[in-house]
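# Summary of structural features
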Amino acid sequence: MTNRELDYLEGAWSGSVVSFHDEPLVLVDEHDREMGFLDKTSAHLGQGILHRAFSLFVFNSAGELLLQQRAQGKRLWPGYWSNTCCSHPRRGESMEKAVHRRLREELGQACELHFQFKFQYQAQFDDEGAEHELCWVYAGRCDEAPVVNVNEIAALRYVSPDALDEEIATHPEHFTPWFKIEWGRLRAEHAYLFQSHASLPS
């Protein structure tokens, strides 16, 4: 199927708390050089303070992307559809460790994740909060059934790239701003990701 929801409430789920308002994020400059640390809440106030982040795109062997709908309890973009997983490395944590930690915490999955690119963006949600990130983008393949963390995720679905292109074109307001930027670049510059059963480079 090109667009199918996963009824995770009948499967495995987790209620673990994995996000904390006071967790220290890594502040960076436009060249991704560390400039200090700041708690997550403060880093997202106003227009946001530039900090390091990551986004994960996990495909199954049929080439479908696993999308998540952000939990309604999220401060920024609650209920919006987005990429498989996204978060921030913590103080003293390598990016390699952070991406695998978060994939396990949110979806209970483990797979090889391959760096694609990084970019800087700022997106305003409302007068009081925004994302301002230097974001590292990774992709991987996994056929493991997700173990959904319901504190982070409201719903999941697999979608084919063509169906997702059409949905974003028709209803862009349903998706997070960073996801739309990342998806456009992956489609334009990383075509190998969308080949069924294609291997990702090591």
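In this text the structure is predicted, and so the values were computed from the model without any measurement.

This next bit is on the environment of Ala110. Looking at where Ala110 falls in the secondary structure, it is placed in the loop between helix H2 (95–107) and strand S9 (113–126). Under the relative-accessibility criterion, Ala110 is labelled exposed at 54%.

The subject of this paragraph is the pairing of strand S12 (residues 153–159). Every regular strand shows the same layout, with side chains that alternate between the two sheet faces. Of all 7 residues that make up S12, 6 are buried, and the element is covered over most of its length. Sheet analysis places strand S6 (residues 65–70) next to S12, joined by 6 bridges and oriented antiparallel. What sits directly across from Leu65, in S12, is Val159.

Let's shift gears to empty space enclosed by the protein. Inspection of the entire model under this criterion finds 1 cavity of 30 Å³ or more. Empty space within the largest cavity amounts to approximately 30 Å³. Lining the largest cavity we find Gln68, Arg70, Lys74, Cys86, Glu106 and Glu152. Taken together, the residues of the lining of the largest cavity break down into 1 nonpolar, 1 polar and 4 charged.

The rules behind these values
- Residues numbered from 1 in each chain as written.
- Predicted model: local features only at pLDDT ≥ 70, side-chain atom pairs only at ≥ 80, totals over all residues.
- Heavy atoms only, no water.
- Helix = DSSP H or I, 4+ residues; strand = E, 2+ residues; numbered from the N terminus.
- Buried < 20%, exposed > 50% of the residue type's maximum accessible area, 1.4 Å probe, protein only.
- Pairing = 2+ DSSP bridges.
- 1 Å grid on protein atoms, 1.4 Å probe; cavity = no way out; pocket = protein on both sides within 12 Å on 5 of 7 lines; lining within 4 Å.
- Points joined across faces, edges and corners; volume = space filled by probe spheres on them.
- Nonpolar A, V, L, I, M, F, W, Y, C, P; charged D, E, K, R; others polar.

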